[in-house]
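What follows is each chain in one-letter form.
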Amino acid sequence: MRAIGIDFGERRIGVAVSDSGGVLAVGRGTVQRSGDIAADHAALARVVEETGAERAVVGLPLSLDGSHGPAAQKVAAEAATLEAALGVPVELYDERFTTVTASRSLAGAGMRSRAQRRVVDEAAATVLLQSWLDGRSGHRARASSEPGTERR
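Residues numbered from 1 in each chain as written. Predicted model: local features only at pLDDT ≥ 70, side-chain atom pairs only at ≥ 80, totals over all residues. Heavy atoms only, no water.

With respect to the overall build of the protein
At step 1: A count of helices and strands for the protein gives four helices and five strands.
At step 2: Along the protein, from the amino end to the carboxyl end, the secondary structure elements read β-β-β-α-β-α-β-α-α.
At step 3: Every one of the 152 residues in the protein was classed for burial, and the buried ones make up 45%.
At step 4: Summarising the internal contacts of the protein: among those between residues at least 6 apart in sequence, 64% fall at separations of at least 24. (Helix = DSSP H or I, 4+ residues; strand = E, 2+ residues; numbered from the N terminus. Buried < 20%, exposed > 50% of the residue type's maximum accessible area, 1.4 Å probe, protein only. Contact = heavy atoms within 4.5 Å.)

This is the structure in structure tokens:
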């Protein structure tokens, strides 16, 4: 199953897509926030249509203790409207540390922090989606109380 990974940011939305077998996530770029959520969601819907994605995985920024702080509540509210725009199921997935992991990987590749800003959202979406894919293939029977199994 092909899936799209979405990392909502204040200025950009990072996007990643899996291969058709649901094994490997690759970056698909970013969508610049336009100030119009419907327009932003329409841009994501075009990616879903172009790639044939059957599911969207949205990063849920839980607090370190696993609680739903203001950022998680904001993402959950936006994800609720996203499903109608995409026409595919939307699943919320624990994204704690995805941006940190992405930033460290980019820094390890020699990218300076100024250059990272342009691609970190895409990299975070890729880390998020790959984590979700790995969890599906290796741990299909996880209990719903485990981190990363939040579903809408």
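A closer look at the layout of surface pockets
At step 1: In this model, the largest pocket occupies a volume close to 240 Å³.
At step 2: Lining the largest pocket are 14 residues, with F8, G9, E10, R33 and K74 sitting closest to its centre.
At step 3: Sorting the residues of the lining of the largest pocket by element identifies α1 (37-51) and α2 (70-86) as the ones contributing at least two each.
At step 4: It is α2 that provides the largest number of residues to the lining of the largest pocket, a total of four residues.
At step 5: Within the lining of the largest pocket, the residues separate by chemical class into five nonpolar, two polar and seven charged. (1 Å grid on protein atoms, 1.4 Å probe; cavity = no way out; pocket = protein on both sides within 12 Å on 5 of 7 lines; lining within 4 Å. Points joined across faces, edges and corners; volume = space filled by probe spheres on them. Nonpolar A, V, L, I, M, F, W, Y, C, P; charged D, E, K, R; others polar.)

Observations concerning the environment of Y93
At step 1: By secondary structure assignment, the location of Y93 is in strand β5 (residues 90-94).
At step 2: Assessed through its relative accessible area of 5%, Y93 is described here as buried.
At step 3: Y93 sits 88 residues away from G5 along the chain, and the two C-alpha atoms are 9.6 Å apart.

So, the pairing of strand β1 (residues 3-8)
At step 1: Within β1, six of the six residues are buried, which leaves the element mostly enclosed by the surrounding structure.
At step 2: Burial along β1 is two-sided: A3, G5 and D7 facing one way and I4, I6 and F8 facing the other are all buried.
At step 3: Where β1 and strand β4 (residues 55-60) come together, four bridges link them in parallel fashion. Bridge assignment links I4 to a residue of β4, and that residue is A56. (Pairing = 2+ DSSP bridges.)

A look at a nonpolar patch on the surface
At step 1: There is a patch of nonpolar side chains on the surface, built from V23, L24 and V26 and spanning about 270 Å² of accessible area.
At step 2: The topology assignment puts L24 in the loop between β2 (12-18) and β3 (25-32). (Patch = residues over 30% accessible without salt bridge, like charges linked within 9 Å, V, L, I, M, F, W, Y side chains within 5 Å. Areas by Shrake-Rupley, 256 points an atom, 1.4 Å probe, with all protein chains shown as cover. Salt bridge = Lys/Arg side-chain N within 4 Å of Asp/Glu carboxyl O.)

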